[in-house]
Amino acid sequence: MLRQVVDANRKLPVLDNASTTKIAQALSALQRSGDDQTAARRAVGRVPAMMRSKNVLHDDMEHEIFKVVFRSLRELRDALADAYAEIVVTGPEQILAVIDAMLTAVRSYLGRHEGSLKLHDQAHPSPVWHVMQAEWPGLPRASLELLALRETLAALVYPLNHCGVGQDLRNGQGPRSDQIGLWDFAGSQLAHPPSEHNRSLSDAYRRRPPGSAAAGVDEVPTTVLSTALGSRLSSLRIAAFEELAERAKRGETDAARPLLDALDDEHEDLAARARAAVHAGLPNQAGESRHLPTLTTLALEWQQVWWTERWWGDVRTSSAPARSGALRLLASWAGQPSVALAFIRALADGVPFDQSAVRQAIGASANGACRMLAALLDEPRWSELADLFADAESDLDVRRAVLATLAGGDAPDSVGDWSPNIAGSRQRPTEPVADLLRTSLADRDALVRYTTIRAVWLCLDAGNAAELLVEASRDADRLVRARAAFALGGLPGSATVRRLRPLLQDVEPAVAKAAVHALRNAAVSGVPIPAALLVYRRTRNLMDEFRERAYYEAADDTWRWKTPGEQ
């Protein structure tokens, strides 16, 4: 591994030149080492003791506190300096070279980054360490170079096992076995590819845009950077990725393509950064045919997450942030049937994309999916929409896209994210759409029925909407019932509010909570709320709010929300 570290930094510098030179000298000295194992064991016996307590060298970096990192590295620097001074006269050449390389690498890292954090802390003081650290401009590069420093120190320690100290440790001599340090880590792990915790990166760093840790080494060819993405060294892989991402931001298509290749990388850190690069934006012509399957998957992620969605107090899912970027890269490939389906789903979900570029790419394609996409983009007449919805070949996204042409795109993210009380949001199409909406409420797919509820509220008058929403509130799917309850609360009149009664007693908590939320929305909009609807266990908290912000009207046994003047 030591040879890998030297070769990697000569191709793409992550460490400084002084550190790389010292590491190369240590490698050369180790290759010339003799057979005097006794002297070597005595000389390196102090090294494991120095390493064992330095958690910064092997603990998980995800929540690393860099103030503590620097303090720990200062202690390690001082200990290495003391050890070097003790054995400089009598110590074996190879051991001196190893300790000298360690000392130089740690000292150089501190010199490059510790002062930067101190200056940032003085200029932007914060009582919360992670807030200050997250805003530190030097964080991305410091995180990447800390990973490189870890790999370097581990690689320098590992060859010393040949001096026999590892056996001494296993026999109980030196550091106690319960104090696991870098020595033990190197001896047990670095004969194989680096372990998970050795290649993790700072969580705050991962939230920075791709390219934030680039050093701007423009003299390194793009082909070299692309090859480095396959390196066994985590620091080299990530450094190459950051340089490519920086070039891709400047519009270099050749630099963007390896980033798209990394979407399928076996290393999750790299694949996640590649998705972030797609989200941030890559040159429109970067995508090639080999990238279509992965990009199409990114553009189709809604269906994969909707079925695991929870609402109000449970885990919530959302669209992949890379989706819009994937659609932009796929625009010129919209004539492919699988890609056309991605754009149909984008229409259904209301995700914007360059419709003119997509229409141009489709051309005169007679393929089923492309034909449907072209029809949806060409502002179809009502009769054409009805035919598309009824087409036996149409899948659920086509049917949802038809509904989107009536009421706008409707991403199935959460019942509560759609508010039917937005003033002026309702619209009245001139065509008789009630029959189509009634048909779609009976659709075989729950996601189509879910999408229909919003279209019902937007496109029908209150009477017809209430009829269909009450019907939807009896649906077998809990999320459809929950959304129907939420929409009922946005219709005017006490009669509509009374229809929430069975939903307040629904066995599914999500449905009952949606009904409670709808009840509150109706009250805020001025609808009197029958007191009988507030006696259920699920409305207990709402009743407490009514006592504070509403008043009871005994004449008709209702609660009425106070106006701003009354409050």
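Criteria and cut-off values
Residues numbered from 1 in each chain as written. Predicted model: local features only at pLDDT ≥ 70, side-chain atom pairs only at ≥ 80, totals over all residues. Heavy atoms only, no water. Helix = DSSP H or I, 4+ residues; strand = E, 2+ residues; numbered from the N terminus. Buried < 20%, exposed > 50% of the residue type's maximum accessible area, 1.4 Å probe, protein only. Contact = heavy atoms within 4.5 Å. Areas by Shrake-Rupley, 256 points an atom, 1.4 Å probe, with all protein chains shown as cover. Axes fitted to C-alpha atoms, helices over the stretch in contact; angles between N-to-C directions. Parallel < 35°, antiparallel > 145°, perpendicular 65-115°, else oblique. Left-handed = near helix turned anticlockwise from the far one by under 90°. Nonpolar A, V, L, I, M, F, W, Y, C, P; charged D, E, K, R; others polar. Pairing = 2+ DSSP bridges. Expected span 1.5 Å × (residues − 1).

Asker: Provide a residue-level description of the overall build of the protein, including the pertinent values.
Answerer: For the protein, the count of helices and strands is 31 helices and three strands. Here the protein, with 567 residues, has 53% of them falling under the buried criterion. A separation threshold of at least 6 residues defines the contact pool for the protein, and within that pool the share at least 24 residues apart is 72%. Carbon together with sulfur atoms contributes 49% to the accessible area of the protein, which is approximately 25,000 Å² in total.

Asker: Could you give an account of the packing of helix α5 (residues 66-87) against helix α6 (residues 93-123), with specific residues and numbers?
Answerer: Interaxial distance between α5 and α6 falls to 9 Å at its minimum, and their mutual angle equals 150 degrees. It follows from the interaxial angle that α5 and α6 lie roughly antiparallel. Crossing of α5 over α6 shows left-handed handedness. For the contact of α5 with α6, the residue count by class is 18 nonpolar, one polar and seven charged.

Asker: Please set out the packing of helix α19 (residues 337-349) against helix α23 (residues 396-407) residue by residue, giving values where relevant.
Answerer: Interaxial distance between α19 and α23 falls to 7 Å at its minimum, and their mutual angle equals 40 degrees. Here α19 lies oblique to α23, going by the angle between them. The handedness of the crossing between α19 and α23 comes out as left-handed. On α23, the residues that touch Ile344, Arg345, Leu347, Ala348 and Asp349 of α19 are Asp397, Val398, Arg400, Ala401 and Ala404. Looking at the contact of α19 with α23, its residues break down into six nonpolar, no polar and four charged.

Asker: If you had to explain the pairing of strand β3 (residues 558-561) to someone new, which residues and values would you point to?
Answerer: Pairing between strand β1 (residues 529-530) and β3: two bridges, direction antiparallel. Counterpart to Ile529 in the pairing with β3 is Trp559. Bridge analysis of strand β2 (residues 550-553) against β3 gives four bridges, and the strand direction is antiparallel. Pairing of Tyr552 across the sheet is with Trp559, part of β3. What sits between β2 and β3 in their antiparallel hairpin is a turn of four residues, with Asp557 showing a positive phi close to 55 degrees.

Asker: Tell me about helix α13 (residues 234-249), and please be specific about residues and values.
Answerer: Helix length check: α13 (16 residues) gives 23 Å between terminal C-alpha atoms against 22 Å at 1.5 Å per residue, within 8%. One or two residues past the end of α13 sits Gly251, with phi positive at roughly 95 degrees.

Asker: Residue-level account of the sheet that holds β2, with values.
Answerer: One open sheet holds the three strands; their spatial order is β1-β3-β2, and the pairing between them is antiparallel. Each end of this open sheet is capped by a strand with a single partner; those strands are β1 and β2.

The values are spatial; any link to function lies outside them.
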